[in-house]
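These are the residues of each chain, in order.
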Amino acid sequence: MTEQAPRALPSRARVVVIGGGVGGASVAYHLALSGERDVVLVDRAELTSGSTFHSAGLVGQLRSDPTLTAMNRYSVELYSSLQQGGTPPGWVQCGSIRLASTQERWEEIQRQAGWAASSGLEMSLISAAEAQELFPLMSTEGVVGACFLPTDGQVDPSSLTYSLAAGARAMGVAIHTGTRVLGIDTEGEGLRRRVVRVRTDQGDIECEKVVDCGGMFAAEIARMVDVRVPIVPMSHQYVVTEAMFEHRETPLPSLRDPDNLVYYRQEVDGLVMGGYERHSQPFTASASSYDAVPADFNGRLLAPDHDRFVEISENAAIRVPAIADAGIRTFINGPEAFTPDNEFCLGPTDVAGFYVAAGFCAHGIAGAGGIGKVVAEWVLDGAPPMDLWHMDVRRFGASYRSPSYTLARTVENYETYYDIRYPAHERSAGRPLRVSPAYSWHAAHGAAFGEKSGWERVNVYESNAVEGDGSWRPHGWAGRHWSPAVVAEHRATRSTATLFDESSFAKIEVRGPDAGRLMEWVCDNVVARGAGSVTYTQMLNARGGVECDVTVTQTAADAFVVVTGTAFANHDASWLRTQARETDADVTITDVTGAWACFGLWGPNARSILAGLTPQDLGNDAFPFMSMRETTVGDVPVRMVRVTFVGELGWELYCPTEYGAGLWQALWAAGQEHGLVAGGYRAIDSLRLEKGYRVWGAELDPAHTPYESGLGFCVKLDKEFLGRDALVAQKEAGVAQRLVCLVLDDVTQVALGNEPVRVDGAVLGRVTSGGIGFHVGSSIAYVYLPASVADGARVEVGVFGEWIGATVTKDPLYDPRSERVRS
């Protein structure tokens with residue numbers, strides 16, 4: 001199908017969408033649907049001529065992530081409605097089967113059944129024989145069980161794109177194919193740099209916003225404004241067979257057998273069959289160079305790589321034996337853009353007005369409808385309609401400017417596409433990269449490292465396992481990658497003291513004449529209280545949802561340090577920069593994470609350990625809770641901040657990185673006579689759960705307000721701040737839901753997150769996070785439930801297909817009056 005461009009390219013548009021694949025067409029369609037008709041879509045060749053035309057077209061809805069599940073569900077609703085219109089997309093609701101060929105996979109499917117229940121999806125657990133009834137070509141040999149989701153389907157990717165384009169054009173969007181982007185012009189510097197023009201070989205378009213939907217070309221387009229989009233086009237192969245069965249009145253469901261790395265769907269009277277091989281092949285990227293997709297690679301495929309497809313074809317014949325003798329009608333080898341973590345790259349960048357919708361990781365057809373909807377709303381409203389941080393292009397740190405690091409992480413991700421993701425599983429590619437100054441000490445003392453945002457972080461010290469209690473090992477998946485060391489580290493924190501390396505925690509400095517004004521505007525709590533003050537606060541969007549959950553230390557009249565989670569440095573810094581730009585604040589915003597080591601010393605003996613190391617008076621009057629003092633510890637200049645994330649007396653000690661190793665060793669030596677133990681992040685998580693501390697991305701997100709999440713004590717309505725109007729209205733109306741703490745009846749049953757929670761037989765929420773509190777002796781989970789569900793109510797949590805009784809319990813479970821942190 002050929003798309004004829006209008007004669008004259010508009011000289012101006014409010015929004016320019018670059019890329020005419022399914023992503024660009026969906027973004028343009030939804031911009032127009034939302035009322036923004038001043039939109040121009042340009043493509044270097046014809047619509048669908050990148051990766052879209054060779055996509056396999058499977059549409060599965062259920063994912064481990066409830067946000068992506070919701071986006072995919074919307075896609076199905078959209079495709080079904082478009083099928084009734086004048087340009088149908090070839091949507092077929094055939095259902096899908098997912099097989100378990102191992103016991104471990106069957107456990108995963110049972111867990112997925114819980115996700116389906118919490119998302120409102122109809123999904124059935126079925127036997128191997130029942131799966132064969134639905135898909136007669138399959139062999140049941142080795143199949144433990146399966147699940148069937150009847151509302152899944154398949155769609156023709158090109159027809160879908162043209163259907164969306166037709167709808168966009170009917171609503172006023174101008175679509176220009178054969179229009180190659182040559183450059184993107186910006187004006188301003190620093191916080192005020194923004195896009196103003198797109199230059200093409202057919203003329204220039206002045207604009208306010210650009211959406212990069214370039215698919216495998218997206219990184220090249222983003223480099224025009226010095227934005228990094230870390231995607232790698234990977235060679236992905238599948239075949240279309242000759243006829244294998246007689247015509248059917250009802251289509252075969254799609255079939256996935258992840259243990260054998262393969263998928264199938266019906267194509268006329270044959271099958272599409274492909275998979276994710278263990279030995280992959282990037283298209284053009286290398287360890288020393290970015291992707292370099294040829295300029296004329298439009299509507300083209302790569303040469304078949306039969307040797308690399310042997311693994312997939314042999315596995316495919318195990319599950320569908322007849323395919324071994326089937327003729328091959330078409331062998332497809334096409335590049336698909338993958339990301340280092342198998343999540344989309346969506347949203348704004350640090351260049352104002354420049355947005356991205358790319359990196360669809362071979363499941364963009366399923367997500368395209370939802371992608372277009374959320375990106376359009378993001379472009380028009382300035383904030384995402386739901387929690388999209390795990391898809392936000394800004395989540396990737398500076399390390400992803402490295403071609404070698406990006407390639408290693410992306411290849412690992414592709415080759416483990418169908419692997420079971422157990423809790424506490426750690427990736428191995430590109431490690432170690434970022435390390436604390438105490439890293440060598442940790443390694444020498446038995447540390448088991450995890451990785452987050454490139455940082456090597458201590459999960460536990462296996463050397464502590466001998467002091468732990470193995471009888472606490474949770475049942476099932478939660479017991480995998482578990483160590484009794486976490487029990488020892490947890491209990492030491494409650495009884496003596498534990499030293500934690502928190503150097504990876506992100507630290508953002510806000511400095512300048514307008515620093516105080518900006519911080520008061522973005523924070524719901526009062527933070528400009530003078531040098532030495534420390535404030536726990538949230539930053540909210542206009543709807544009152546939590547965008548950032550941080551601790552703010554005022555270090556000078558015109559300077560603040562924002563401390564946030566390791567993975568949220570880019571997110572929170574970008575949020576601050578956006579608000580600084582919109583309020584015209586004269587500030588500089590700098591990520592200083594690597595400049596400062598940070599060690600947390602917490603426990604009843606923390607004051608005694610520090611007393612012999614510092615001239616600073618550590619008494620409550622001289623050094624109250626939530627304050628900062630600049631002093632020395634041993635030979636090291638430090639900022640001592642009296643805060644806690646574990647619910648005990650203690651301090652975070654910040655020092656310039658070059659002093660970090662010496663500070664750690666000084667603290668360790670001083671603590672030996674006081675029972676000091678070194679601890680890791682697994683202990684921190686269990687400690688914070690029983691103390692009721694929330695985590696952004698789990699309990700806190702842009703869709704929930706402080707009042708709903710139990711953080712109303714931070715809200716100061718007697719000042720102006722972003723989101724205040726929404727909170728005032730909610731306070732007057734009352735909250736409809738609230739975050740509650742559950743104590744499960746069986747302490748060995750642990751909720752890992754996203755499990756359904758039902759009240760009187762009806763699923764009313766999903767678990768945000770869970771774990772064992774080793775001091776209170778309980779399996780704990782948090783969930784948003786209707787406000788009418790009172791403390792003491794009995795509920796049930798779906799854990800791997802079993803409904804576990806639980807009680808709604810007033811939190812925090814540990815030290816509810818916070819007497820220990822103020823002792």
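The coordinates are above.
First, a word on what this report is: a plain description of the structure on this page. Quantities reported herein were computed from a predicted structural model and do not represent experimental measurements.

1. Section: the nonpolar core
- With 48 residues, the main nonpolar core has Val17, Val211, Leu346 and Val375 as its most contacted residues.
- Considering every element that reaches this core, the biggest residue donor is helix α8 (residues 364-381), with 9 residues.
- Apart from residues lying up to four places away in sequence, Val17 is in contact with Gly24, Val27, Leu31, Val39, Val40, Leu41, Val42, Val211 and Cys213.
- Counting 46 residues, the second-largest nonpolar core is a separate cluster that includes Val232, Phe331, Leu407 and Val411.

2. Re the environment of Met216
- Along the chain, the position of Met216 falls in the loop between β12 (209-212) and α6 (218-222).
- Every residue in contact with Met216, bar those within four places of it in the chain, is listed here: Gly50, Ser51, Ile231, Pro233, Asp291, Val293, Phe297, Pro335 and Ala337.

3. Observations concerning the packing of helix α12 (residues 515-522) against helix α13 (residues 569-582)
- For the pair α12 and α13, the least separation of the axes is 10 Å and the interaxial angle reads 110°. Taken as axis vectors, α12 and α13 run roughly perpendicular relative to one another. Classified by chirality, the crossing of α13 by α12 is right-handed. Here Leu518, Met519, Trp521 and Val522 of α12 come into contact with α13, specifically with Leu576, Gln579 and Ala580.
- Counted by class, the contact of α12 with α13 contains 6 nonpolar, 1 polar and no charged residues.

4. Side note on the pairing of strand β19 (residues 354-358)
- Of all 5 residues in β19, 5 are buried, a share of seventy percent or more.
- On β19, burial covers both faces: Phe354, Val356 and Ala358 on one face and Tyr355 and Ala357 on the other are all buried.
- Strand direction decides the pairing type here: β12 and β19, joined by 3 bridges, are parallel. Each residue of the ladder has a partner; that of Val211, found in β19, is Tyr355.
- With 4 bridges joining them, strand β18 (residues 345-348) and β19 adopt antiparallel strand pairing. When the sheet's bridge partners are listed, Cys345 is paired in β19 with Ala358.

5. Considering the packing of helix α2 (residues 66-83) against α8
- Following both chains from N to C, one finds α2 and α8 inclined at 95°, their axes separated by 7 Å at the closest point. It follows that α2 is roughly perpendicular to α8 by the angle criterion. Where α2 abuts α8, its residues Met71, Asn72, Tyr74, Ser75, Leu78 and Tyr79 lie against Ile365, Ala366, Gly367, Ala368, Gly369, Gly370, Ile371, Lys373 and Val374.
- Taken together, the residues that form the contact of α2 with α8 break down as 9 nonpolar, 5 polar and 1 charged.

6. Observations regarding the pairing of strand β23 (residues 506-511)
- Taking burial as the measure, the 6 residues of β23 include 5 buried ones, the bulk of the element.
- In this sheet, strand β26 (residues 559-564) lies alongside β23 in antiparallel orientation, the contact comprising 6 bridges. Bridging across to β26, Ala506 finds its partner in Thr564.
- Where β23 lies against strand β27 (residues 588-591), 4 bridges are found, and the strand directions are antiparallel. Bridging from a neighbouring strand, Val510 pairs with Ile589 of β27.

Conventions and cut-offs
Residues numbered from 1 in each chain as written. Predicted model: local features only at pLDDT ≥ 70, side-chain atom pairs only at ≥ 80, totals over all residues. Heavy atoms only, no water. Core = buried A, V, L, I, M, F, W, Y, C linked by side-chain atoms within 4.5 Å. Buried < 20%, exposed > 50% of the residue type's maximum accessible area, 1.4 Å probe, protein only. Helix = DSSP H or I, 4+ residues; strand = E, 2+ residues; numbered from the N terminus. Contact = heavy atoms within 4.5 Å. Axes fitted to C-alpha atoms, helices over the stretch in contact; angles between N-to-C directions. Parallel < 35°, antiparallel > 145°, perpendicular 65-115°, else oblique. Left-handed = near helix turned anticlockwise from the far one by under 90°. Nonpolar A, V, L, I, M, F, W, Y, C, P; charged D, E, K, R; others polar. Pairing = 2+ DSSP bridges.

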